[in-house]
Amino acid sequence: MTVKKMLRRAAALLTLCLLAGSVAAGEMEKGTRENPYRLGEACAFSAEVLADGSPRLDAAETDFAAFELTLTLDNYLSPAYFEENYGRLYKFDGTQAGAQVTIANESDAAIVPQNAFWLTLEGENGAQETGYQLMDAEIAGSYGTEVAGGESATLYKRFDQAEGQEMTHLVLTYCQGGERVSRYFLLEERIVYAELQNGSRGDDVTALQTRLIDLGYLDDEADGIFGRRTEAAVRAARQAAGMDDSGVADDNFQHALYAEDFPAAAQQ
């Protein structure tokens, strides 16, 4: 083999290695279908928006602003969730689903998220559902919610799915340089805990009391009755976690309480 051929082969091998490395890096990029954002993970992005508030779909448009935003998927509201909670009132048939998201606006100016980007559901086969408008409630909320600069808001979007069609990802699409960019979130269902307070009874209270006992906040039996001692234990646990001392075991508190890293009570 001549020196020239050896150099050509070496160059070709180097090119293949660089291409392979680029593909591997692309597959590992956060926000792709192969490596989607998970529940509670914030996706930071810069959305270009025209003066009328719509996405900048054409690079020739020069009158636009770039908004620094983050989107977090807080929960996937499954068809079973909608049917259980709203099926009788709204005659849902088990094909409705939704997404709860938090939008944080890191920019100075206010923005209407509904107009600035798109959220769709996507199935394993690539089929997409565009859904309804973003609103400030799971159902029957207000549309066109504005998020001021430096503020954040929890918003909801509802979708109709074809019967038997399983959706796997929430897709965020926004514009940069006049082109659409998409980021993927894995659809995962977060447990929603019932709010418990003085007077509550049942298995949920028993589980709450058992956890408070294990952590040293409650010196009592787990009898399933939320009384004064349980309320005092909840107050102490909330304070230890940096929350207010309302004495109510709401959804956020219970998620924190059942986490492995929740602080144990200080030894007296």
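Residues numbered from 1 in each chain as written. Predicted model: local features only at pLDDT ≥ 70, side-chain atom pairs only at ≥ 80, totals over all residues. Heavy atoms only, no water.

### What about a negative patch on the surface?
Item 1. Together, Asp52, Asp58, Glu61 and Asp63 give the surface a local cluster of negative charge.
Item 2. Tracing the chain through its elements places aspartate 52 in the loop between β1 (42-50) and β2 (64-77). (Patch = residues over 30% accessible without salt bridge, like charges linked within 9 Å, V, L, I, M, F, W, Y side chains within 5 Å. Areas by Shrake-Rupley, 256 points an atom, 1.4 Å probe, with all protein chains shown as cover. Salt bridge = Lys/Arg side-chain N within 4 Å of Asp/Glu carboxyl O. Lys, Arg positive; Asp, Glu negative; His and termini not counted. Charge placed at Lys NZ, Arg CZ, Asp CG, Glu CD. Helix = DSSP H or I, 4+ residues; strand = E, 2+ residues; numbered from the N terminus.)

### Digging into the packing of helix α4 (residues 203-214) against helix α5 (residues 228-240)
Item 1. One way to put it is that α4 packs onto α5 with a least axis distance of 11 Å and a crossing angle of 60°. Between α4 and α5, the crossing angle belongs to the class labelled oblique. Of the two elements, α4 crosses α5, and the hand of that crossing is left-handed. Where α4 abuts α5, its residues Leu208, Gln209 and Leu212 lie against Thr230, Ala233, Val234 and Ala237.
Item 2. In terms of residue class, the contact of α4 with α5 is built from five nonpolar, two polar and no charged. (Axes fitted to C-alpha atoms, helices over the stretch in contact; angles between N-to-C directions. Parallel < 35°, antiparallel > 145°, perpendicular 65-115°, else oblique. Left-handed = near helix turned anticlockwise from the far one by under 90°. Contact = heavy atoms within 4.5 Å. Nonpolar A, V, L, I, M, F, W, Y, C, P; charged D, E, K, R; others polar.)

### Considerations on the confidence of the model for the chain
Item 1. Summary statistics for the chain give a mean pLDDT of 88 and a share of 90% for residues scoring 70 or more.
Item 2. Low pLDDT, under 50, characterises residues 1-26; the stretch is placed with three contacts to residues that sit more than four places away or in other chains. (pLDDT = per-residue confidence, 0-100.)

### Section: the environment of leucine 71
Item 1. Considering the arrangement of structural elements, one finds leucine 71 in strand β2.
Item 2. In sequence terms leucine 71 and alanine 153 are 82 residues apart; their C-alpha atoms lie 10.0 Å from each other.
Item 3. Discounting chain neighbours no more than four positions away, the residues touching leucine 71 are Glu41, Ala42, Cys43, Phe45, Val101, Thr102, Ile103, Phe117, Leu119, Leu172 and Phe185.

### Overview of α4
Item 1. The terminal C-alpha atoms of α4, which comprises twelve residues, lie 17 Å apart, in line with the 16 Å expected from a rise of 1.5 Å per residue.
Item 2. Looking only at α4, the buried set comprises Val205, Leu208, Gln209, Arg211 and Leu212. Projected down its long axis, α4 carries its buried residues within an arc of 160°, all on one side. Pointing more than 90 degrees away from the buried face of α4 are the exposed residues Asp203 and Asp214.
Item 3. Structurally, α4 contributes buried residues whose contacts are with α5 and α6 (251-257).
Item 4. At the C-terminal side of α4, glycine 216 shows a positive phi close to 90°. (Expected span 1.5 Å × (residues − 1). Buried < 20%, exposed > 50% of the residue type's maximum accessible area, 1.4 Å probe, protein only. Arc of directions from axis to C-beta.)

### Some remarks on the pairing of strand β8 (residues 179-186)
Item 1. For strand β7 (residues 167-176) and β8, the ladder comprises eight bridges, and the chain directions are antiparallel. Counterpart to leucine 170 in the pairing with β8 is phenylalanine 185.
Item 2. In sequence, β7 turns back onto β8 through a hairpin of two residues, with glycine 177 there showing a positive phi of about 60°. (Pairing = 2+ DSSP bridges.)

### Observations regarding the nonpolar core
Item 1. One finds Phe45, Leu71, Phe117, Leu170 and Leu172 to be the most contacted residues of the largest nonpolar core, which totals 31 residues.
Item 2. When contributions to this core are tallied by element, the ones reaching two or more residues are β1, β2, β3 (96-105), β4 (118-123), β6 (152-160), β7 and β8.
Item 3. Ranked by the residues each element gives to this core, the list is headed by β2, at five residues.
Item 4. Residues Leu215, Leu218, Ala237 and Leu257 belong to the second largest nonpolar core, which totals 16 residues. (Core = buried A, V, L, I, M, F, W, Y, C linked by side-chain atoms within 4.5 Å.)

### Remarks on the pairing of β3
Item 1. Across the ten residues of β3, nine count as buried, placing the element largely inside the fold.
Item 2. Bridge count for β2 against β3 is eight bridges, and the pairing is antiparallel. Residue pairing in the sheet places leucine 71 in a bridge with isoleucine 103 of β3.
Item 3. Inspection of the sheet shows β3 paired to β6 by nine bridges, in the antiparallel sense. Bridging across to β6, alanine 104 finds its partner in serine 152.

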